[in-house]
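# Coordinate inspection notes
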Amino acid sequence: MDRKEVMYEMNISETTLRRYIDKLKFKFKAKNDITLVLNAIDAGIIDTRGRLL
């Protein structure tokens, strides 16, 4: 999903979504979105298609 779809699906504002993503980046020690996704895959949280495990 792109960010607009996530905001709509979760019924949250862009600011809130950005805050959530920033918190996840901090927890996963990621400097960008791609590193965040790769770290989440390595941690076994999502699969390579972005589905929660």
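For the structure itself, consult the block above.
Described in the following lines is the structure provided in the data block. (Residues numbered from 1 in each chain as written. Predicted model: local features only at pLDDT ≥ 70, side-chain atom pairs only at ≥ 80, totals over all residues. Heavy atoms only, no water.)

Relative to the helices and strands, Asp47 resides in the segment after α3 (33-42). From its side chain, Asp47 meets the backbone nitrogen of Arg49 in a polar contact 2.9 Å long. Residue contacts for Asp47: discarding those within four places in its chain leaves Ile41 and Leu53. (Helix = DSSP H or I, 4+ residues; strand = E, 2+ residues; numbered from the N terminus. Polar contact = N/O pair within 3.5 Å; in protein donor to acceptor, adjacent residues only side chain to side chain. Contact = heavy atoms within 4.5 Å.)

Core analysis: the biggest nonpolar cluster contains five residues, these being Met7, Leu17, Ile21, Ala30 and Leu36. With sequence-adjacent residues up to four places away left out, Met7 is seen in contact with Ile12, Ser13, Glu14 and Leu17. (Core = buried A, V, L, I, M, F, W, Y, C linked by side-chain atoms within 4.5 Å. Buried < 20%, exposed > 50% of the residue type's maximum accessible area, 1.4 Å probe, protein only.)

Where helix α1 (residues 3-10) contacts helix α2 (residues 14-27), the two axes come as close as 10 Å, and the packing angle between them is 105°. Taken together, α1 and α2 sit at an angle that is classed as roughly perpendicular. Across from Arg3, Val6, Met7 and Met10 in α1, the residues of α2 making contact are Glu14, Leu17, Arg18, Tyr20 and Ile21. Along the lines of polarity and charge, the residues of the contact of α1 with α2 split into six nonpolar, no polar and three charged. (Axes fitted to C-alpha atoms, helices over the stretch in contact; angles between N-to-C directions. Parallel < 35°, antiparallel > 145°, perpendicular 65-115°, else oblique. Nonpolar A, V, L, I, M, F, W, Y, C, P; charged D, E, K, R; others polar.)

Here the focus is α2. In this model α2 runs 20 Å from its N-terminal to its C-terminal C-alpha over 14 residues, within 8% of the 20 Å that 1.5 Å per residue would give. Among all positions of α2, only Thr16, Leu17, Ile21 and Lys25 are buried. Buried residues belonging to α2 abut α1 and α3. (Expected span 1.5 Å × (residues − 1).)

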